[in-house]
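Listed here are the chains, written in short residue letters.
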Amino acid sequence: MALKKLVVGNWKMHGTSADLAEVNAISLTAGTSTCDVALCLPATLIERAVRAAPGFAIGGQDCHAADKGAHTGDLSAAMLADAGAMLTIVGHSERREAHGETDAVIRAKAEAALLAGLSVILCIGESLDMREAGQAIAVVSAQVDASLPHGEAAAGGVPQRLAIAYEPIWAIGTGKVPSTADIAEMHAALRQRLVAAYGDAGRQARILYGGSVKGSNAAEIFAVADVDGALVGGASLKAADFLPIVAAAA
Ligand code: PGA
């Protein structure tokens, strides 16, 4: 049976209090949708967005793996939850690249977030060089194997709180999208990795596609087998751009 679709907006380093009206507009329509919808906002907006849109899923974009400590500028998963977040992204390629995050670091973050009660969107994806060298499936499979949460965090029901987001780095913010055949091939490989890691429960974890998703291409992408939703950057900042994507998933 197909999983309920999940459409998540990733605002990255965009948004101040003036943009809370967009959060509100998105949450009102999302509340009537048959798919799940969430917005991952800059941490400074989380608490205000939760107040502005009660019951709507607001998330963070990263968390530290530790509960607390001497980590200037970082936020723990418990802090995100305390601010009202229900989920967080971990392992986005912009953090892997700009902050040198490894699969091991990302796995620790995912485990910390799950233990704090958050849902997790775990990102993986290949560079253009890797895709052109014919290594995309191997590289992304290795990333996911090394970054999936295990241990205490993965005991009982976790795959429902875990989604993975396949985001080819060359498709992020570029307007380029892989062919539906390439997306289908990758998502089938990722489903296999989830089942290898969690057994049958791995069929319950949603696999999102991310990278230049727009209202004009969303329906075609959502029709691909094992595409259970989308992680959306640029087109999530305005309700007018984001809601057509939500409508395509519903
Ligand atoms: P984009 O970003 O939709 O702007 O390509 C997606 C992402 O980075 O999550």
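On a predicted model such as this, the values are computed, not experimentally measured, just so you know.

A. Representation of the overall build of the protein chain within the structure. Summing up its helical and strand segments, the protein chain has 11 helices and eight strands in all. On C-alpha atoms alone, the protein chain measures out to a radius of gyration of 17 Å, which is about the 18 Å that the 2.2 N^0.38 rule sets for 250 residues. In terms of overall dimensions, the protein chain has C-alpha extents of about 45 × 45 × 35 Å along its principal axes. Put simply, the protein chain shows about 10700 Å² of open surface, and 54% of that area lies on carbon and sulfur atoms. Both charge centroids of the protein chain, one from 19 positive and one from 26 negative side chains, sit 3 Å from each other.

B. Representation of the site of the ligand in the model. Taken together, 13 residues lie around the ligand, and Lys12, His92, Glu167, Gly173 and Ser212 are the ones closest in. Between the ligand and histidine 92 there is a distance of 2.7 Å, counted from an oxygen atom to a side-chain nitrogen or oxygen. Between glycine 173 and the ligand, the recorded distance is 2.7 Å, taken from a backbone N or O atom to an oxygen atom. Here the ligand, which alone exposes 280 Å², has 95% of that area covered by the protein. Residue composition of the shell around the ligand, by class: four nonpolar, seven polar and two charged.

C. Main features of the pattern of salt bridges. Inspection of every chain in the model, using the stated rule, returns 16 salt bridges. Across the pair lysine 4 and aspartate 36 runs a salt bridge, and its minimum N-O distance is 3.2 Å. Residue lysine 4 is found in the segment before β1 (6–10), and its partner aspartate 36 is found in strand β2 (residues 36–40); the two are separated by 32 residues along the sequence. Given the relative accessible area of 25%, aspartate 36 is considered partly exposed.

D. How the structure looks around the state of the cysteines. Taken as a whole and judged by the stated rule, the model has zero disulfides. As a non-bridged cysteine, cysteine 63 has cysteine 40 as the owner of its nearest cysteine sulfur, 11 Å distant.

Conventions we followed
Residues numbered from 1 in each chain as written. Predicted model: local features only at pLDDT ≥ 70, side-chain atom pairs only at ≥ 80, totals over all residues. Heavy atoms only, no water. Helix = DSSP H or I, 4+ residues; strand = E, 2+ residues; numbered from the N terminus. Rg over C-alpha atoms; globule rule 2.2 N^0.38 Å. Areas by Shrake-Rupley, 256 points an atom, 1.4 Å probe, with all protein chains shown as cover. Lys, Arg positive; Asp, Glu negative; His and termini not counted. Charge placed at Lys NZ, Arg CZ, Asp CG, Glu CD. Near = heavy atom within 4 Å. Polar contact = N/O pair within 3.5 Å; in protein donor to acceptor, adjacent residues only side chain to side chain. Nonpolar A, V, L, I, M, F, W, Y, C, P; charged D, E, K, R; others polar. Salt bridge = Lys/Arg side-chain N within 4 Å of Asp/Glu carboxyl O. Buried < 20%, exposed > 50% of the residue type's maximum accessible area, 1.4 Å probe, protein only. Disulfide = S-S within 2.5 Å.

All we've got here are geometric facts, nothing functional implied.
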